[in-house]
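Structural features, examined
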Amino acid sequence: MNQGCSKAKIFRLSGVAFLLGIVLSYFFSFKILPFIFIGGIFYFSFVKTKFKSISFVILIIFIILSFIFGFLRYKIVLNSFLRKPDLSSFSNITFKVISSFPLEQSQKLIIQPKVQFNQFKAGVAYLDLKPDYFKGDYLKIQSGEIVNLDEPFYSDGLLVYFEVKNPAVEKIATKSIFNQAFLLREKIKSIFNYYLKEPQASLLNSLVFGRKGNLNKEIEEKINLAGLSHLVAVSGLHLVLLIKIISEFLKFFPLTKIIKFLILILFLLFFSLLAGFTPSVSRALIMALLVIFAELNFRIYEPFNSFLFTLCLITYLNPLALFYDFGFQLSFLATFGIICFNPLFREQKLFKDLKLPNFLESFEDTFLASLSSLVLVYPWIIFKTGQIIGLVMLSNLLVVPIISYVLIFALFLIIFHFSYLSSLVLGWFLNLILSYILKVVNFISSLKIFVFWINPKIRPIFLLSYIFLFIFYIKLKKGILFLEKNE
């Protein structure tokens, strides 16, 4: 197979074709397929005349099959939603708890009936605060009214379309891995709550396990206004920091490379389990595992191929995430931005004349990584929320570099919590760092003059910025922008 149609090129174009098939399937019916095929045949027959090799034919076949596969995958999921099951048959059967979320006076449970049912559909029920219900628990709803929601919503990878009103629930004793992970997570939270004051303890719980059920509305709103919401949504940043911490820690032990990688994999799986395997965590976990396997097999790690494989895999497993999961969308846009722009920004040596001291190098890394991710993330945030936060770069520069220290002290507090004196010292340092983060959040969020709201009617205009970003990327790649001053 010639260089022009290498395996990497076939993989990349096939992956893009698969995703394009899913996206077009979301917007169009099967009637668009003939027009796409006719246009494709015309293009490759009359425009791409210089490619007439067997390898090129194989490439076209892979692209066509991948596109059809993606198109059909979403249509299959969509058609399953059109089948309306008999809700009256759900009485006195078993429901699985997908997630639980404590409210002020009740628990919000996302549940799914354990019967022949659409795997992407679920319901919601509001139960008393006690007893506790965990992910992986099973319930038997003995009585209650099941009604369709007027406005279904997306949660935990599922489309929630019915609610159980006034349910009489019997909890079935189970010991699933998710149940045990939830109990362990609550044990760790109790350690944090014991040695830290509020709201520092809640902030630490949200930094380690995500904001869900850990932050009050006031602090959560301030964090959003400060442009730091990604810190309390467990994602790739947390796993990257965890990898660095564990890798540095393992250097002190005379272990083989394979043993160190196995320990690292177990830690990543364990943390992802505690975090609930959200789409953003799953994305970071898969990409991290691909890096480790590449190291073990002495292969060159290609970030874009890993990114594309992960995106296609998660989208295949749950096509709804691509269109309804805002966190999933931001996670992949941020990762794609870092992959594309971070190396190019570094080549330009934007801080070469500043001569930063060694202890400030992390601020340069944070600035470039934040800028690279925000390049693709921010237009989408504006389109979805209509919010522009003018000081987002400042808040990230002041907070992100110290998050690794928060995670290190938190990890040590968990390990040495049996030692009261050590835990007091670690708790004091954590309180100090978290208090600083809260002061930054309070200060940035108070400057509301730097927060702008965009009219919903003009938000789609910001999507056009992706066209200019593409042109900017091409020019930057070719070295047209950011020329040296002496040239």
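Residues numbered from 1 in each chain as written. Predicted model: local features only at pLDDT ≥ 70, side-chain atom pairs only at ≥ 80, totals over all residues. Heavy atoms only, no water.

Next up on the list: the overall build of the chain. Within the chain, the secondary structure is distributed over 16 helices and seven strands. Taken over 487 residues, the chain has a buried fraction of 44%. Here the contacts in the chain between residues at least 6 apart in sequence split such that 72% fall between residues at least 24 apart. As displayed, the chain offers around 27,000 Å² of accessible surface, 67% of which is attributable to carbon and sulfur atoms. (Helix = DSSP H or I, 4+ residues; strand = E, 2+ residues; numbered from the N terminus. Buried < 20%, exposed > 50% of the residue type's maximum accessible area, 1.4 Å probe, protein only. Contact = heavy atoms within 4.5 Å. Areas by Shrake-Rupley, 256 points an atom, 1.4 Å probe, with all protein chains shown as cover.)

Let us look at the environment of His417. If you trace the backbone, His417 turns up in the loop between helix 14 (392–415) and helix 15 (420–446). For His417, a relative accessible area of 31% puts it in the partly exposed group. Distance in space between the C-alpha atoms of His417 and Ile188 is 9.7 Å, their sequence separation being 229 residues. Dropping the residues within four chain positions of it, His417 is found in contact with Ile191, Tyr195 and Ser423.

All chains considered together, the criterion is met by two cavities of 30 Å³ or more. Taken as a whole, the largest cavity spans an internal volume of roughly 50 Å³. Elements with a minimum of two residues in the lining of the largest cavity: helix 5 (200–209) and helix 15. Per-class residue counts for the lining of the largest cavity are nine nonpolar, no polar and no charged. (1 Å grid on protein atoms, 1.4 Å probe; cavity = no way out; pocket = protein on both sides within 12 Å on 5 of 7 lines; lining within 4 Å. Points joined across faces, edges and corners; volume = space filled by probe spheres on them. Nonpolar A, V, L, I, M, F, W, Y, C, P; charged D, E, K, R; others polar.)

On to a nonpolar patch on the surface. Side chains of Ile458, Ile461, Leu464, Ile467, Phe468, Phe470, Ile471 and Ile474 sit close together on the surface and give an oily, nonpolar patch of about 790 Å² of accessible area. Here Ile458 is to be found in the loop between strand 7 (451–453) and helix 16 (465–477). Relative accessible area serves as the criterion here: at 40%, Ile458 is assigned to the partly exposed category. (Patch = residues over 30% accessible without salt bridge, like charges linked within 9 Å, V, L, I, M, F, W, Y side chains within 5 Å. Salt bridge = Lys/Arg side-chain N within 4 Å of Asp/Glu carboxyl O.)

Looking now at the nonpolar core. Leu204, Leu434 and Ile437 are the most contacted members of the largest nonpolar core, which totals 56 residues. Sorting the residues of this core by element identifies helix 4 (177–195), helix 5, helix 6 (217–225), helix 7 (236–250), helix 8 (257–275), helix 9 (279–296), helix 14 and helix 15 as the ones contributing at least two each. In this structure, Ile437 is in contact with Leu203, Val399, Ile402, Ile403 and Val406, ignoring residues within four places of it in sequence. One finds Tyr74, Phe120, Met287 and Leu308 within the second-largest nonpolar core, a separate group that totals 21 residues. (Core = buried A, V, L, I, M, F, W, Y, C linked by side-chain atoms within 4.5 Å.)

What follows covers the pattern of salt bridges. In this structure the tally under the stated criterion is four salt bridges. A salt bridge links Glu302 to Arg12; the nearest nitrogen and oxygen atoms lie 3.4 Å apart. Of this pair, Glu302 sits in the loop between helix 9 and helix 10 (303–317) while Arg12 is found in helix 1 (residues 7–27), placing the two residues 290 residues apart along the sequence. The partly exposed category is assigned to Glu302, whose relative accessible area is 34%. Where Glu163 meets Lys165, a salt bridge forms, and the shortest distance between an N and an O atom there is 3.7 Å.

Two elements, strand 1 (residues 94–102) and strand 4 (residues 138–155), share three bridges in a ladder whose sense is antiparallel. Within strand 4, the residue paired with Thr94 across the bridge is Lys140. As defined by bridge partners, strand 4 adjoins strand 5 (residues 158–172) across 12 bridges and the pair is classed as antiparallel. Bridge pairing links Tyr154 to Leu159 in strand 5. With antiparallel pairing between neighbouring strands as the criterion, strand 4 and strand 5 make up a hairpin whose turn holds two residues, including Asp156 at a positive phi of roughly 55°. (Pairing = 2+ DSSP bridges.)

A few words now on the packing of helix 4 against helix 8. At a minimum axis distance of 8 Å, the contact between helix 4 and helix 8 shows a crossing angle of 85°. The orientation of helix 4 with respect to helix 8, classified from their angle, is roughly perpendicular. Contacts from Ile177, Phe178, Ala181, Leu184, Arg185 and Ile188 in helix 4 reach Phe270, Leu273, Leu274 and Ala275 in helix 8. Considering only residue class, the contact of helix 4 with helix 8 consists of nine nonpolar, no polar and one charged. (Axes fitted to C-alpha atoms, helices over the stretch in contact; angles between N-to-C directions. Parallel < 35°, antiparallel > 145°, perpendicular 65-115°, else oblique.)

The next point concerns the pairing of strand 1. Across seven bridges, strand 1 lies against strand 2 (residues 107–113) in antiparallel orientation. Residue pairing across strands places Ser99 opposite Ile110, the latter belonging to strand 2. Hairpin connection between strand 1 and strand 2: a loop of four residues separates the two successive antiparallel strands.

What follows deals with the environment of Phe182. Tracing the sequence through the fold places Phe182 in helix 4. Phe182 sits in the buried class, given a relative accessible area of 13%. Sequence spacing of Phe182 and Ala275 is 93 residues, and the spatial spacing of their C-alpha atoms is 9.2 Å. Those residues in contact with Phe182, other than ones at most four positions away along the chain, are Ser100 and Phe134.

A few words on the layout of surface pockets. For the second largest pocket, the calculated volume is near 1,700 Å³. Where the lining of the second largest pocket is concerned, the elements lending two or more residues are helix 1, helix 10, helix 11 (321–324), helix 12 (326–348), helix 13 (361–385) and helix 16. By residue number, the principal contributor to the lining of the second largest pocket is helix 12, which donates 11 residues.

Per-residue pLDDT for the chain has a mean of 79; in total, 85% of the residues score no lower than 70. Within the chain, no element has a lower average pLDDT than helix 2 (residues 33–46), which sits at 70, and none a higher one than helix 15, at 89. (pLDDT = per-residue confidence, 0-100.)

So, on to helix 1. For helix 1, spanning 21 residues, the distance from its first C-alpha to its last is 31 Å, which sits close to the expected 30 Å at 1.5 Å a residue. Listed as buried for helix 1 are Ile10, Ser14, Gly15, Ala17, Phe18, Leu19, Gly21, Ile22, Leu24 and Ser25. (Expected span 1.5 Å × (residues − 1).)

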